[in-house]
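Letter by letter, the chains look like this.
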Amino acid sequence: MSPAANATTLTARRSTRFVTWVRAWRAGLVPFDELDSEIAGDEEHLVADAPGTWTDVPLAQALPAFAKLHPDEIRLVLPAPGDPRGLPGPGPLTGAAMLAGEAVMAPEFGIVPEVRTHTSGSGVTFETVLWRVIPTDSYRPGFQIGAAEAEQELTQALTAATAALTRLDVAQWRPELAGALQALRRPDSTATLPAGFDPRARRVFARASVLDQVLALAEHNAPGGAVNTYEAQQRDAALRPLTAACRQALVAACNSPLG
């Protein structure tokens, strides 16, 4: 299976599902009873430090913390080193979000996922997700581009990255990466958003979700022995603007107005 196809089976950034489904609930478009299963899927999700609780609780017990919020007060943030956009100033919340690379923001708190890997007595490895609620003082989101502009920038970044990787002859040493990026010029993801998001937001989210996973595979899978340090640096430089555009597209789609 190609990286582009394989990426559709991987867990996307968990905060994207959290934000979109909670926003749709607050807009009255999906019932509360569906939230925890839609956010968690087949994983076990717990929440630490939720208001009014004294221990880790199931996800469904913590979601009422969002009950009084307007959908536009619930925001996705995908920070990266050197790019803390969407986060408050220095503090525990910003530090945790930077480490995780994602967070869900609300006016008075943020919630950050921590993935924990466990091994059962029979040797089976599985993951649980702990969402940690961290207070913040008077959070106000900054400027964010819309889905239309994010889609345009993503397309331009994908075209530029594909051209750069072609010049680097990446197909000789990472054919799966080159092929995946080429395939992604035609959006065919099955990633979906809940009710209320317009067609453009859905299209941007679908394309960026798969691309995000392809880039994650490229980052974590070390190149073959035929690649030297210089070539690896050139590849990383070619992918860096595309990675930033992908994060921006996900944020724009998930935070877009609901209809």
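This is a predicted model, so every value here is computed, not measured.

Another point: unusual backbone geometry. Unlike most non-glycine residues, aspartate 49 shows phi in positive territory, near 65°. Along the chain, aspartate 49 falls in the loop between strand S1 (44-48) and strand S2 (57-58). You can call aspartate 49 partly exposed: its relative accessible area is 47%.

Here we take up empty space enclosed by the protein. Overall, the coordinates contain three cavities of 30 Å³ or more when judged by the stated rule. Estimated volume of the largest cavity: approximately 50 Å³. Residue lining of the largest cavity: Phe18, Val47, Pro51, Leu59, Ala62, Leu63, Ala65, Phe66, Phe109, Ile111 and Val133, and that is the complete set. Secondary-structure elements contributing two or more residues to the lining of the largest cavity are helix H4 (59-62) and strand S5 (109-119). Classifying every residue of the lining of the largest cavity gives 11 nonpolar, no polar and no charged.

Attention now goes to helix H5 (residues 92-100). Think of an α-helix as 3.6 residues a turn; residues three or four steps apart then line up on the same face. Within the sequence span of H5, burial applies to Leu93, Thr94 and Ala97. Down the axis of H5, the sector holding all buried residues measures 95°, keeping them to one side. For H5, the exposed residues set more than 90 degrees away from the buried face come down to Pro92 and Leu99. Directly after H5, the chain includes glycine 101, whose backbone phi takes a positive value near 80°.

A few words on the confidence of the model for the protein chain. In the predicted model, the protein chain carries a mean pLDDT of 83, and the fraction of residues at 70 or more is 79%. Taken together, the stretch residues 1-11 has pLDDT below 50 and engages in 18 contacts with residues farther than four places along the chain or on a different chain. Contacts for the low-pLDDT stretch residues 222-226, under 50 throughout, to residues beyond four places or in other chains number five contacts.

Right, let's get into the pattern of salt bridges. Counted by the stated rule, this structure contains 11 salt bridges. A salt bridge links arginine 14 to glutamate 127; its shortest N-O distance comes to 3.4 Å. Placement of the pair is arginine 14 in helix H2 (residues 14-26) and glutamate 127 in strand S6 (residues 125-135), with a sequence separation of 113 residues. The class of arginine 14 is buried, set by a relative accessible area of 13%. Close ionic contact of aspartate 83 with arginine 247 constitutes a salt bridge, the shortest N to O distance being 3.2 Å. Of this pair, aspartate 83 sits in the loop between strand S3 (75-77) and H5 while arginine 247 sits in helix H10 (residues 229-254), and the two are 164 residues apart along the sequence. With respect to burial, aspartate 83 and arginine 247 carry one shared label: buried.

Turning next to the sheet that holds S2. Judged by pairing direction, the sheet is mixed, and its six strands sit side by side in the order S2-S1-S6-S5-S4-S3 without closing on themselves. Only two strands of the sheet have a single neighbouring strand rather than two, namely S2 and S3. As judged from the five bridges shared by S1 and S6, these two strands associate in the parallel manner. For alanine 48, the partnering residue across the bridge sits in S6 and is arginine 132.

Cut-off values and rules
- Residues numbered from 1 in each chain as written.
- Predicted model: local features only at pLDDT ≥ 70, side-chain atom pairs only at ≥ 80, totals over all residues.
- Heavy atoms only, no water.
- Helix = DSSP H or I, 4+ residues; strand = E, 2+ residues; numbered from the N terminus.
- Buried < 20%, exposed > 50% of the residue type's maximum accessible area, 1.4 Å probe, protein only.
- 1 Å grid on protein atoms, 1.4 Å probe; cavity = no way out; pocket = protein on both sides within 12 Å on 5 of 7 lines; lining within 4 Å.
- Points joined across faces, edges and corners; volume = space filled by probe spheres on them.
- Nonpolar A, V, L, I, M, F, W, Y, C, P; charged D, E, K, R; others polar.
- Arc of directions from axis to C-beta.
- pLDDT = per-residue confidence, 0-100.
- Contact = heavy atoms within 4.5 Å.
- Salt bridge = Lys/Arg side-chain N within 4 Å of Asp/Glu carboxyl O.
- Pairing = 2+ DSSP bridges.

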